[in-house]
Amino acid sequence: MAEMRYREALGAALREELRRDERVVLMGEDIGVFGGAFKVTEGLLDEFGEKRVRDTPISENTIVGVGVGAAMTGLRPVVELMTINFALLAFDQIVNHAAHIHYMFGGQARVPLVVRMPQGAGHQLGPTHSHCLEAMFLQVPGLLVAVPSTPADAKGMLKTAIRDENPVIFIEHESLYGVRGEVPDGEDELVRFGVARIAREGSDVTIVGISRMAQTAERAAATLSAEHGIEAEVIDPRTLRPLDLDTILASVRRTNRCVIVEEGWPHGGVGANLAALIGEQAFDDLDAPVQRVTGADVPMPYSKPLEDIAYPHEPQVVAAALTTFGRSVPTGAAR
């Protein structure tokens, strides 16, 4: 085990996979000479050369399109986009091509492509750089969607994504890049997709946290325990496609209560999907309606005070958990 920052864990995964498999190539804006907008690819150009670490023009549809073609012809491209918002420029390549080529070709072609991109609020980058859009990709059959929240998962899941035969949308949160954590050593330390992480065990309420919100949920659980005597079980799904619904349902059947926390918008979001699945498959086990804590239903503000209240924090999660017990917090204390 070694302590690493989240960005260092991602860089280690890329370095190990570049060494392990000569088919792995990296492509993206400023990933070579500059070392990546968030320094994930720092040093890789010097080690592997510009044939395998390629700076690209500022054209997301071109970058992903080249990645799709390269994957179809035998390479294993890892494409980096500077932010998830920019993936909207490449939606045709991602949805109509990467996700569906294996199906449309009757299984004769595969697209082992990874699209890495950061998302999330907290850095005053405005509405074109700060949203959480995992729900848009979650809906598309043919895509795998990963949202790691710890350095260990970032490394293990990125290695799994690169080795997978399917296109993977690999979403990193900007606020996690500096987070430190213990990361297992070894080139074959993989984290399997479709297996949730129980971040904290508890018996009173299940809290499901998506991406950075898994860590927010853990802090909220500590507050619930210390101040309210409520022991929350915190689940980090880690992947949204495939989804480890069994682990979530098993927890809800023990605790009889559920709170889902996400940074994305409330309408048609990850939480809405999970709440529907829990309602369908564990309705008789619920002692209270599923509570959802989401980002505000607005474009992300640039103003720091407004941005700060546009995404969830621990007090909101605590308040939602208390609601499942019929308890409330004083007005104005939810932040």
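Residues numbered from 1 in each chain as written. Predicted model: local features only at pLDDT ≥ 70, side-chain atom pairs only at ≥ 80, totals over all residues. Heavy atoms only, no water.

A.B. asks: Any details on the overall build of the protein chain? Residues and values, ideally.
C.D. replies: Secondary structure summary: the protein chain contains 12 helices and 14 strands in total. Computed over its C-alpha atoms, the radius of gyration of the protein chain comes to 20 Å, within 12% of the 20 Å expected for a compact globule of 335 residues. Summarising its shape, the C-alpha atoms of the protein chain cover approximately 60 × 45 × 40 Å along the three principal directions. Per-residue burial for the protein chain yields a buried fraction of 56% across its 335 residues. Within the protein chain, contacts between residues separated by at least 24 positions form 82% of all contacts whose residues are at least 6 apart in sequence. Carbon and sulfur atoms provide 52% of the accessible area of the protein chain, an area that totals close to 13700 Å². (Helix = DSSP H or I, 4+ residues; strand = E, 2+ residues; numbered from the N terminus. Rg over C-alpha atoms; globule rule 2.2 N^0.38 Å. Buried < 20%, exposed > 50% of the residue type's maximum accessible area, 1.4 Å probe, protein only. Contact = heavy atoms within 4.5 Å. Areas by Shrake-Rupley, 256 points an atom, 1.4 Å probe, with all protein chains shown as cover.)

A.B. asks: I'd like to hear about the packing of aromatic side chains, residue by residue, with values.
C.D. replies: A complete count under the given rule lists three aromatic pairs for this structure. For the ring pair Phe38 and Tyr177, a centre distance of 4.8 Å and an interplane angle of 25° mean the geometry is stacked. Taken together, the residues Phe38 in the loop between strand S2 (24-28) and helix H2 (44-48) and Tyr177 in the loop between strand S7 (168-173) and strand S8 (180-183) connect sequence positions 139 residues apart. When its relative accessible area of 22% is taken as the criterion, Phe38 is described as partly exposed. Owing to a relative accessible area of 1%, Tyr177 belongs among the buried residues under this scheme. In textbook terms, an aromatic cluster arises when at least three aromatic residues are bridged by ring pairs, as seen for Tyr6, Phe38 and Tyr177. We note Lys39 situated over the ring of Phe34; from NZ or CZ to the ring centre the distance is 3.7 Å. (Phe/Tyr/Trp six-rings, centres within 6.5 Å; stacked < 30°, edge-to-face > 60°. Lys NZ or Arg CZ within 6 Å of the ring centre and 35° of its normal.)

A.B. asks: How would you explain the pattern of salt bridges if you had to name every residue and give the values?
C.D. replies: All told, the structure shown has 24 salt bridges when counted by the stated rule. In this structure, the salt-bridge partner of Arg20 is Glu17, at a minimum N-O distance of 3.0 Å. Taken as a pair, Arg20 and Glu17 lie in helix H1 (residues 6-20) at a separation of three residues, close to a single helical turn. What makes Arg20 partly exposed here is its relative accessible area of 37%. For Glu17, a relative accessible area of 0% puts it in the buried group. What you see here is one network of salt bridges that share partners, running through Glu16, Glu17, Arg20, Lys155, Lys159, Arg163 and Asp188. (Salt bridge = Lys/Arg side-chain N within 4 Å of Asp/Glu carboxyl O.)

A.B. asks: Go over the packing of helix H9 (residues 245-255) against helix H10 (residues 270-281) with me, naming the residues and quoting the values.
C.D. replies: Relative orientation of the contacting elements H9 and H10 amounts to 60°, with a least axis distance of 11 Å. By the angle between their axes, H9 is oblique relative to H10. Viewed along their axes, H9 and H10 form a crossing whose handedness is right-handed. Each of Leu245, Ile248, Leu249, Val252 and Arg253 in H9 lies in contact with H10, whose residues at this interface are Leu274, Leu277, Ile278 and Gln281. Looking at the contact of H9 with H10 residue by residue, the class counts come to seven nonpolar, one polar and one charged. (Axes fitted to C-alpha atoms, helices over the stretch in contact; angles between N-to-C directions. Parallel < 35°, antiparallel > 145°, perpendicular 65-115°, else oblique. Left-handed = near helix turned anticlockwise from the far one by under 90°. Nonpolar A, V, L, I, M, F, W, Y, C, P; charged D, E, K, R; others polar.)

A.B. asks: Before we move on, can you summarise the state of the cysteines with the specific residues and values?
C.D. replies: Tallied over the full model, the rule gives zero disulfides. With no disulfide of its own, Cys132 lies closest to Cys258 among cysteine sulfurs, the gap being 19 Å. Take Cys132: its relative accessible area is 9%, and that puts it in the buried class. (Disulfide = S-S within 2.5 Å.)

A.B. asks: So what's going on with the sheet that holds strand S14 (residues 291-293)? Which residues, and what values?
C.D. replies: With mixed pairing, the five strands of this open sheet are ordered in space as S9-S11-S10-S13-S14. Across the chains shown, the open sheet's two edge strands, defined by having one partner strand only, are strand S9 (197-200) and S14. In this sheet, neighbouring strand axes are inclined to one another by 25° on average, regardless of whether the strands run parallel or antiparallel. Sheet analysis places strand S10 (residues 205-209) next to strand S11 (residues 232-236), joined by four bridges and oriented parallel. The partner of Val205 across the bridge, within S11, is Ala232. Packed onto the sheet, helix H8 (residues 213-228) meets S9, S10, S11 and strand S13 (258-261) and runs at close to 175° relative to S11. Strands S10, S13 and S14 of the sheet are contacted by H10, whose axis makes an angle of about 160° with S13. (Pairing = 2+ DSSP bridges.)

A.B. asks: How would you summarise unusual backbone geometry if you had to cite specific residues and measurements?
C.D. replies: The phi torsion of most residues other than glycine is negative, and most of the peptide bonds are trans. Here Arg241 and Pro242 are connected by a cis peptide whose omega angle stands at 0°. Here Pro242 shows up in the loop between strand S12 (239-241) and H9. Unlike most non-glycine residues, Asp30 shows phi in positive territory, near 60°. Along the chain, Asp30 falls in the loop between S2 and H2. If you check the backbone angles, Asn256 has positive phi at about 70° while not being a glycine.

A.B. asks: So what about the side chain of Glu233? Which residues, and what values?
C.D. replies: Turning to its location among the elements, Glu233 is positioned in strand S11. Reaching out from Glu233, the side chain makes a polar contact with the backbone nitrogen of Gly202 at a distance of 3.2 Å. Leave out the neighbours within four places in its chain, and Glu233 touches Ile198, Arg200, Glu201, Gly202, Val205, Thr206, Ile207, Ser251 and Arg254. (Polar contact = N/O pair within 3.5 Å; in protein donor to acceptor, adjacent residues only side chain to side chain.)

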